[in-house]
Amino acid sequence: MDTSPRSTRRKVVAALAAALAVAAGAAVLAAAPAGARAAQAPAGCDEPGPVSVVEVDGLLDGVLVEFIEDEIEAANEACGVAVVLQLDSGGATVSDERLDELLATIEASEVPVDVWVGPNGSRVTGESARLLAVADVVGMTKGTSLEITAALLGRRGVDPTELGDVDVGDRISEVRAADLGLIDLDREEAPVVGEFVIRLPGVETRVVDDRQQPTTDVRFSSLDLLGQLMHTVASPAVAYLLFVIGLALLLFELYTAGVGVAGVVGAGSVLLGCYGLAALPTRPAAVALLLFAMFGYGVDIQTGVPRVWTGIATVSFVLGSLVLYDGLALSWITLLVAVVGMTLAMLAGMPTMVRTRFSTPTIGRDWMIGEMGEARTDVDPDGVVEIRHAPWRARTNRATPIRARERVRVVAIEGLVLEVEPETGGARDYRERRQPTAD
């Protein structure tokens, strides 16, 4: 065994070098962000899967909640590293029970579910703020805000008495949220979702051009076209506008012969609007007020002159619009556009359009009785005729049907339907009384 001074010095130098290497390695690991840690495959998986970034934008309705659950389930099946909810939501329209099911799915997920509030200008308020309390990691970017909830305070271990000048239910900025310890990554650490992802535990990274980039696969997902359509329709402003515009188009189509573009578009708008209203907390009485308003407008449109029914309908329309949703409020811009637009359309636009299409100065006047025209279709007993180059719905009360392109004569008017007879050769009306003959 070599015990010379020279050998002893070599051993001391080697030991010091080893100690310095260990210390340096520990310092590097301590200074490295969480995202630099090696990925670990979830239990039962050979390799870690991707990070799933899910866009959650708008109110949490049935479509969006189901989409989030599907993405979490897919991430668990793919042995994902994490699910990131890119959140910008002002509340939820689903029931409390349905929202509880979503929160239970997040908590039961083997793959961590994290939340990044962004991009700039995003906010998390109302029932959607409950997602923050069950997330593993929460980050916020510049210009965002969140609503303080008791559940979030409890999850973060923050005493409500330490909030200072704010309280539960208040909306605070990302700077204040970081100061209170309600989030894990602030605006400097997670300015964009990519920076948020690389700081998550289990995400592997590499340095490219002095910047860290994830080597773990990152996949972005959002609602498909149909899902986005249904989600958009279920927003309060869109559902309301689709419903009332569709009703106005159907009202216009009521005064025309046949089914035109206005009728098809109006029917489609009403169907989409009904879907949106059904998905939202809508008051049935308010919907009844909107329908009654259309009835009142229709009464005066038939006469061609706005009268008392137009005033009644306008009041009903305004009241129905103001109290349409329970717990949700339409913006003043939406209400202004709808109320002013509908009022102007019914006061001036609709009567003018109807008169122009019918080419008549007024609607429902007896001057048309005796007018001659031509059958556009077979009238047997119902059909369409043309009087003064304008189409009308018509029916014949004679036993003899009227064929297309035959001449007809208007004998009576019932509502919006003309009673016609052939110009010659018509059978005698059973309703006509036999005239007494001279002796």
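Criteria and thresholds
- Residues numbered from 1 in each chain as written.
- Predicted model: local features only at pLDDT ≥ 70, side-chain atom pairs only at ≥ 80, totals over all residues.
- Heavy atoms only, no water.
- Helix = DSSP H or I, 4+ residues; strand = E, 2+ residues; numbered from the N terminus.
- Buried < 20%, exposed > 50% of the residue type's maximum accessible area, 1.4 Å probe, protein only.
- Contact = heavy atoms within 4.5 Å.
- Areas by Shrake-Rupley, 256 points an atom, 1.4 Å probe, with all protein chains shown as cover.
- 1 Å grid on protein atoms, 1.4 Å probe; cavity = no way out; pocket = protein on both sides within 12 Å on 5 of 7 lines; lining within 4 Å.
- Points joined across faces, edges and corners; volume = space filled by probe spheres on them.
- Core = buried A, V, L, I, M, F, W, Y, C linked by side-chain atoms within 4.5 Å.
- Pairing = 2+ DSSP bridges.
- pLDDT = per-residue confidence, 0-100.
- Polar contact = N/O pair within 3.5 Å; in protein donor to acceptor, adjacent residues only side chain to side chain.
- Axes fitted to C-alpha atoms, helices over the stretch in contact; angles between N-to-C directions.
- Patch = residues over 30% accessible without salt bridge, like charges linked within 9 Å, V, L, I, M, F, W, Y side chains within 5 Å.
- Salt bridge = Lys/Arg side-chain N within 4 Å of Asp/Glu carboxyl O.

Student: Mind showing me how you'd approach the overall build of the protein chain here?
Tutor: Of regular secondary structure, the protein chain possesses 13 helices and 15 strands. The proportion of buried residues among the 439 residues of the protein chain is 42%. Within the protein chain, residue pairs in contact and separated by at least 24 positions form 65% of the contacts whose partners lie at least 6 positions apart. As presented, the protein chain carries roughly 23,000 Å² of accessible surface, and 57% of it is formed by carbon and sulfur atoms.

Student: Even after reading the chapter, I still don't get the layout of surface pockets, so can you show me in this structure?
Tutor: Over the atoms a probe the size of a water molecule is rolled, and this reveals where empty space is left. In this model, the largest pocket occupies a volume close to 340 Å³. Elements represented by at least two residues in the lining of the largest pocket include exactly α8 (225-233) and α9 (236-254). A per-element tally of the lining of the largest pocket places α8 first, with 3 residues.

Student: Hey, could you run me through the nonpolar core in this one?
Tutor: Soluble globular proteins: nonpolar side chains tend toward being buried together. Counting 43 residues, the largest nonpolar core has L60, L85, L132 and L182 as its most contacted members. Put simply, the parts of the chain that give this core at least two residues each are β1 (51-57), α2 (62-77), β2 (82-88), α3 (96-108), β3 (113-117), α4 (130-134), β5 (138-140) and α5 (150-156). In contact with L85, not counting residues within four places along its chain, are V54, V56, I68, I106, V113, D114, V115 and W116. Core analysis: the second largest hydrophobic core is formed by 30 residues, A239, F243, L247 and F252 among them.

Student: Where do I start with the sheet that holds strand β4 (residues 123-124) in this structure?
Tutor: Two orientations exist for strands paired in a sheet by backbone hydrogen bonds: parallel and antiparallel. Strands sit in the order β4-β6-β7 across an open sheet of 3 strands; the sheet is mixed. The sheet terminates laterally at β4 and β7 (171-173), the two strands that pair on one side only. When strand β6 (residues 145-147) meets β7, the two strands line up antiparallel, connected through 3 bridges. Within β7, the residue paired with L146 across the bridge is I172.

Student: Before we go on, may I ask you to explain the confidence of the model for the protein chain in this structure?
Tutor: Residues shown with low pLDDT carry predicted positions that ought not to be read at fine detail. Across the protein chain, the average pLDDT comes to 83, with 80% of residues at or above 70. Contacts of residues 429-435 to residues separated by more than four positions or lying in other chains number 7 contacts, the stretch itself having pLDDT below 50.

Student: Is there a simple way to explain the environment of Y325 in this structure?
Tutor: Considering the arrangement of structural elements, one finds Y325 in the loop between α12 (308-322) and α13 (332-358). Residue classification places Y325 among the buried residues on the basis of a relative accessible area of 3%. Through-space distance from the C-alpha of Y325 to that of A286 is 8.2 Å; in sequence the pair is 39 residues apart. When neighbours within four sequence positions are excluded, Y325 is seen to be in contact with P236, A239, Y240, L277, L280, P281, T282, R283 and L330. From its side chain, Y325 meets the backbone oxygen of P236 in a polar contact 2.7 Å long.

Student: How should the sheet that holds strand β15 (residues 417-422) be read in this particular structure?
Tutor: With respect to topology, 5 strands assemble into a closed barrel ordered β11-β12-β13-β15-β14, the strand pairing being mixed. Going across the sheet, the axis of each strand differs from the next one's by a mean of 55°, ignoring polarity. Pairing geometry for strand β12 (residues 382-387) and strand β13 (residues 390-396), over 6 bridges, is antiparallel. The residue of β13 that forms the bridge with E386 is P391.

Student: Just to check I follow, could you spell out a nonpolar patch on the surface for this structure?
Tutor: On the surface, a cluster of nonpolar side chains totalling about 640 Å² of accessible area is made up of W332, I333, L336, V337, V340 and L344. As for its position among the elements, L344 is in helix α13. A residue is classified by how much of its surface remains accessible, and L344, at 55% relative accessible area, is exposed.

Student: Is there a simple way to explain the pairing of β13 in this structure?
Tutor: On any regular strand, side chains alternate: one points to one face of the sheet, the next to the other face. Taken across its 7 residues, β13 has 5 buried, putting it largely inside the fold. What sits between β12 and β13 in their antiparallel hairpin is a turn of 2 residues, with R388 showing a positive phi close to 55°. Both β13 and β15 contribute to a ladder of 4 bridges, which runs parallel. Each residue of the ladder has a partner; that of A394, found in β15, is L418.

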